[in-house]
There are 2 protein chains.
Amino acid sequence: MTDRPGGQPTATLDDVDRRILAELRADGRLSIRALAERVAISRANAYSRVERLTRDRVITGFRAVVDPAASGLSTSAYVTLTVRQNSWRALRAELETIPEVAHMALLGGEFDAILLVRAADNAALRTVVLERLQAIPGVLGTRTFLIFEDAENP
Amino acid sequence: MTDRPGGQPTATLDDVDRRILAELRADGRLSIRALAERVAISRANAYSRVERLTRDRVITGFRAVVDPAASGLSTSAYVTLTVRQNSWRALRAELETIPEVAHMALLGGEFDAILLVRAADNAALRTVVLERLQAIPGVLGTRTFLIFEDAENP
DNA sequence: TTTGAAAAATAATGACC
DNA sequence: GGTCATTATTTTTCAAA
């Protein structure tokens, strides 16, 4: 059995665990009662499994999903980065200070990294790209792809 | 005041609303009590505001965040699509049937669309790209960018 | 909007099978 | 793992200011 960076052993999830995760991804506010009923296990079992999954960092959090447009973020874009070094840690730390960066990924291939950026409007997007991203040491270039429409799967 | 597709009027969010959204994005399981305390409003006020934000679809759901790697999805990639027509609705409907597609976006620029794909392993990713995505009518080509590491912001 | 009160549901724990 | 019982919290609604 291998270990993950967090130190917890890589749990082997059984079918019940997977069903619990599916239910909680669909509705993170399910009560333990309702969860246990849907997965057809006891409340105590549901309780201990959710606790274990949370402790082992399989479940990393519970979040409200907010509609970006409805909450004032009307412009979204994917921005690819070409960077000089392999200092992903430093780059990531830098990117985490930019609230408009919703998701970041280190890539293989033509682009070194790609960012999902959500901003209030085109001007704010422009500011993020030109004044924040291109100001980061090591960032050699950016390309911006405006998002016309997007959706999560579920 | 404009209307959004859903039919609800575009709510003008005040500062209290924004603080509520920030708290619930950080912890979607905050009790109304704790939320009211953190935002420094009454329970009744917190209750009615969360209800309104949910009714107006500013809050679109509550989800558990599951670590893809820890839950058995060890390979992630961004896959760009070049598509023939502008039938985004049909394409989107097709993509929604592929569970490995976590996020999809219709783009402007060199690529027509981009997908965040999370699969069990490289073989599963290959199957998704070659047998599911390239089998969709109208999809002319794909490019796959493997993700070495990724993170949400918060 | 706030505060207080109160009923119903749920969380959380422990004892025991 | 499951079941039962118990206590603490929270939700949810209502009334009053």
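Everything numeric here is computed off the predicted structure, so don't read it as measured data.

About the cut-offs
Residues numbered from 1 in each chain as written. Chains lettered and ligands numbered in written order. Predicted model: local features only at pLDDT ≥ 70, side-chain atom pairs only at ≥ 80, totals over all residues. Heavy atoms only, no water. Least-squares fit on C-alpha atoms with pLDDT ≥ 70 in both. Helix = DSSP H or I, 4+ residues; strand = E, 2+ residues; numbered from the N terminus. Expected span 1.5 Å × (residues − 1). Buried < 20%, exposed > 50% of the residue type's maximum accessible area, 1.4 Å probe, protein only. Arc of directions from axis to C-beta. Contact = heavy atoms within 4.5 Å. Pairing = 2+ DSSP bridges. Polar contact = N/O pair within 3.5 Å; in protein donor to acceptor, adjacent residues only side chain to side chain. Near = heavy atom within 4 Å. Nonpolar A, V, L, I, M, F, W, Y, C, P; charged D, E, K, R; others polar.

A. Expanded view of the relation of the copies chain A and chain B. Relative to chain B, chain A is turned by 180 degrees and slid 0.0 Å along the rotation axis, the superposed coordinates differing by an RMSD of 0.1 Å. Expressed as a symmetry operation, the mapping of one chain copy onto the other fits a two-fold axis. Proximity to the rotation axis, assessed at the C-alpha, singles out Arg63 of chain A in chain A; its C-alpha lies 2.8 Å from the axis.

B. Representation of helix α3 (residues 43–55) of chain A in the model. Residues and elements named next belong to chain A. Compared with the 18 Å implied by 1.5 Å per residue over 13 residues, the 18 Å span of α3 between its first and last C-alpha is a close match. Among the residues of α3, those classed as buried are Ala46, Arg49, Val50 and Leu53. Across the axial projection of α3, the buried residues extend over an arc of 100 degrees, all falling on one side. Turned more than 90 degrees from where α3 packs its buried face, Ala44, Tyr47 and Arg55 sit exposed. For α3, the elements touching its buried residues are α1 (15–26), α2 (32–39) and β1 (59–66). At the exit of α3 stands Arg57, carrying a positive phi of roughly 65 degrees.

C. How the structure looks around the pairing of strand β3 (residues 101–107) of chain A. Where burial is concerned, most of β3 of chain A is hidden: six out of the seven residues are buried. Here β3 of chain A folds back onto strand β4 (residues 113–119) of chain A in antiparallel fashion, the turn holding five residues, of which Gly109 of chain A has a positive phi close to 120 degrees.

D. Local environment of helix α5 (residues 122–133) of chain A. Residue and element names in this part refer to chain A. Counted at 1.5 Å a residue, the expected span for α5 with its 12 residues is 16 Å, and the 15 Å between its end C-alpha atoms agrees. Within α5, the full set of buried residues consists of Leu125, Val128, Val129 and Leu133. Projected down its long axis, α5 shows its buried positions confined to an angular sector of 85 degrees, all on one face. Every exposed residue of α5 that faces more than 90 degrees away from the buried side is listed here: Arg126 and Glu131. On its buried face, α5 sits against β2 (75–83), α4 (88–95), β4 and β5 (139–152). A side-chain oxygen of the first residue of α5 lies 3.2 Å from the backbone nitrogen of Ala123; this N-cap is Asp121.

E. Up close: the protein's contact with DNA strand C. Residues in close proximity to DNA strand C include Ser31, Ile32, Arg33 and Tyr47 of chain A together with Ser42, Ala44, Asn45 and Arg49 of chain B, which together make up its full environment. By atom count, sugar and phosphate contribute 85% of the portion of DNA strand C lying within 4 Å of the protein. Between DNA strand C and the protein, one listed contact pairs a phosphate oxygen with a side-chain N or O atom of Asn45 of chain B at 2.9 Å. At 2.5 Å, a side-chain N or O of Arg49 of chain B approaches a phosphate oxygen of DNA strand C. Broken down by secondary-structure element, the contributors of at least two residues to the surface near DNA strand C are α2 of chain A together with α3 (43–55) of chain B. With three residues, the top contributor of residues to the surface near DNA strand C is α3 of chain B. Looking at side-chain class alone, the surface near DNA strand C contains three nonpolar, three polar and two charged residues.

Remember, this is a structural readout, not a statement about activity or role.
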